[in-house]
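Observations on the model geometry
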Amino acid sequence: MNYHDTVNWMFKQLPMYQNQGKTAFKEDLSNTLRLANHLKNPHRNFKSIHVAGTNGKGSTSHMLASVLQEAGYKVGLYTSPHLKDFRERIKINGKTISKQFVIGFIKQNKTFFEKEQLSFFEMTVGMAFDYFSKEKVDIAIIEVGLGGRLDSTNIITPELSVITNIGFDHTQFLGTTYNAIAKEKAGIIKSNIPVIIGETQSETKKVFLDVAKANTSNIYFADQLINTSYSSDLKGSYQIHNIKTAVQTLKILNEKGFQISEAHIKVGLKKVTENTGLKGRWQVLQIDPKVICDTAHNKEGLTYIVEQFKTETYNQLHIVFGVVNDKDIDSILPVLPKDAIYYFCKPNAPRGLEPEILQSHFINNGFKGEIYLSVSDALDEAKVKASVKDLIYVGGSTFVVAEIV
């Protein structure tokens, strides 16, 4: 199989949350542990930082990778989902995994994958760990895919565990209360391994303190400890939280023998996109009219986006919007602006929600907007209708952003 065939096989043959939703979610780590054993436990051959959280874990992971690269380390970065190409998920110093490695890894292990009926996510985690081991990275930033406790990445024993914050997302797997979701995320806290919490939240603080105490893990609440302000090339006021989380993490990493200077932190935070290739975080796509996209896709994330609108100057706001079919639309409606003109569309993914259903939720709650056949059609129409002094925002789902960056 060539690269295209290989990736298609991965997507089509095996359960995958990105496409299928709940049926791809496993109830334990037995599959991942069998896979790790089959691969001779590559995750034990490199140091790592484990990053979980409802929002901000992607940005925080990329910030950490960027600073560590500036400090001269060979840095693995595992994140999900990807926007354009599967290989974005697995990088070393900002360079994606080679097509040859992807093809070879699947070819070599395909019989095992089929026999064990491994999910897309389990295979991808195995591939990342195998790649980082063979390439002898100094450290790898490992972003949790979903939750924490039962996530395939949770077989590692990291240098540090990081939990950015807790919000309502993927509630069908993780629970419907802050407390329940926090317990799932806290599943990445390991015995005697320090844990950094990005945002102190009254609803979840006790959960983290209790789990940290049970594991004799030192716990640090970054928002209470970092008072210095840093700038980043990742725009959006919400990045302030992620910056503090990253900086506190780096401080503890220094205590564990790494050598990261204040200069490395300042430069690394300003070169995140250049060093890592991150896209889709308050990303400006054009000017006159200004078009901005962001992958925020839940109530908490979109609340920050709406706050960010207030820092922009414009006459009329146009919002190109699409979601996946398990999204709790009614939870996000109260935070979205009713004075915007909406362009409803379906992201080109199996879980994409039909725009007619999306529109009906919005219209019934006093919003206005039309339906479009695709994300690109919706954006094209917004550009036609918008004056040069207007603002166009594209979002609602990672899949929507993936089609226009």
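Predicted model, so just to flag it, every value in this text is computed and none were measured.

The next point concerns the pairing of strand β10 (residues 290-293). In this structure, strand β9 (residues 283-286) lies alongside β10, joined through three bridges in antiparallel fashion. By the bridge assignment, Gln283 is partnered in β10 with Cys293. In this structure, the hairpin formed by β9 and β10 is closed by a connection of three residues, where Asp288 is found at a positive phi of approximately 60°.

Overall, the coordinates contain 21 aromatic pairs when judged by the stated rule. Between Phe46 and Phe132 the ring centres are 5.9 Å apart and the planes differ by 90°, which places this aromatic pair in the edge-to-face class. Taken together, the residues Phe46 in the loop between α3 (30-38) and β1 (47-52) and Phe132 in helix α6 (residues 120-134) connect sequence positions 86 residues apart. Where Tyr73 meets Phe258, the ring centres are 5.1 Å apart and the plane angle is 50°; that geometry is what we call tilted. In this pair, Tyr73 sits in the loop between α4 (57-70) and β2 (75-78) while Phe258 sits in the loop between α11 (239-255) and α12 (262-270), placing the two residues 185 residues apart along the sequence. When its relative accessible area of 17% is taken as the criterion, Tyr73 is described as buried.

This next bit is on the packing of α4 against α12. Between α4 and α12, whose axes approach to 8 Å, the crossing angle comes to 130°. Between α4 and α12, the angle is such that the two are oblique. Between α4 and α12 lies a crossing whose hand is right-handed. Two secondary-structure elements touch here, α4 through Met63, Ser66, Val67 and Glu70 and α12 through His264, Ile265, Val267, Gly268 and Leu269.

Okay, the sheet that holds strand β6 (residues 160-163) next. Remark on secondary structure: sheet strands pair via backbone hydrogen bonds, oriented parallel or antiparallel. As summarised here, the arrangement of the eight strands in space is β4-β3-β2-β5-β1-β6-β7-β8, forming an open sheet in which the pairing is mixed. Both edges of this open sheet fall to β4 (95-96) and β8 (219-221), since each of them pairs with a single strand only. The pairing of β2 with strand β3 (residues 90-92) spans three bridges and is classified as antiparallel. Looking at the pairing, Tyr78 lines up with Ile90 of β3. On top of the sheet, helix α9 (residues 205-214) reaches β6, β7 (195-197) and β8; it is set at about 155° to β8, its chief contact.

Quick look at unusual backbone geometry now. Note on backbone geometry: most residues besides glycine have negative phi, and most peptide bonds are trans. Cis geometry marks the peptide bond from Ser80 to Pro81; its omega dihedral reads -10°. For Pro81, the location among the structural elements is in the loop between β2 and β3. A cis amide bond links Asp288 with the next residue in sequence, Pro289, at an omega value of -5°. Secondary-structure assignment places Pro289 in the loop between β9 and β10. Residues other than glycine seldom take positive phi values, yet Asn93 does so here, at roughly 50°. Assignment of secondary structure puts Asn93 in the loop between β3 and β4. Asn93 gets classed as partly exposed once you look at its relative accessible area, which sits at 37%. We note that Gln117 has phi near 55°; this positive angle belongs to a residue other than glycine. Along the chain, Gln117 turns up in the loop between α5 (99-116) and α6.

This next bit is on the sheet that holds strand β12 (residues 341-344). Ordered in space as β9-β10-β14-β11-β12-β13, the six strands form an open sheet in which the pairing is mixed. Of all the strands in the sheet, the pair left with one neighbour each is β9 and β13 (368-371). Sheet twist, expressed as the average angle between the axes of neighbouring strands with direction ignored, equals 25°. Relative to β13, helix α16 (residues 355-363) is tilted by about 170°, and along the sheet it contacts β11 (317-321), β12 and β13.

Summarising the element assignment, Ser48 is placed in strand β1. Taking the relative accessible area as the measure of exposure, Ser48 reaches 2% and is therefore buried. Excluding anything up to four places from it in sequence, Ser48 contacts Ile139, Ala140, Ile142, Ile156, Thr157, Pro158, Glu159 and Leu160.

Reading guide: rules and limits
- Residues numbered from 1 in each chain as written.
- Predicted model: local features only at pLDDT ≥ 70, side-chain atom pairs only at ≥ 80, totals over all residues.
- Heavy atoms only, no water.
- Pairing = 2+ DSSP bridges.
- Helix = DSSP H or I, 4+ residues; strand = E, 2+ residues; numbered from the N terminus.
- Phe/Tyr/Trp six-rings, centres within 6.5 Å; stacked < 30°, edge-to-face > 60°.
- Buried < 20%, exposed > 50% of the residue type's maximum accessible area, 1.4 Å probe, protein only.
- Axes fitted to C-alpha atoms, helices over the stretch in contact; angles between N-to-C directions.
- Parallel < 35°, antiparallel > 145°, perpendicular 65-115°, else oblique.
- Left-handed = near helix turned anticlockwise from the far one by under 90°.
- Contact = heavy atoms within 4.5 Å.

That's the geometry; what it means functionally is another story.
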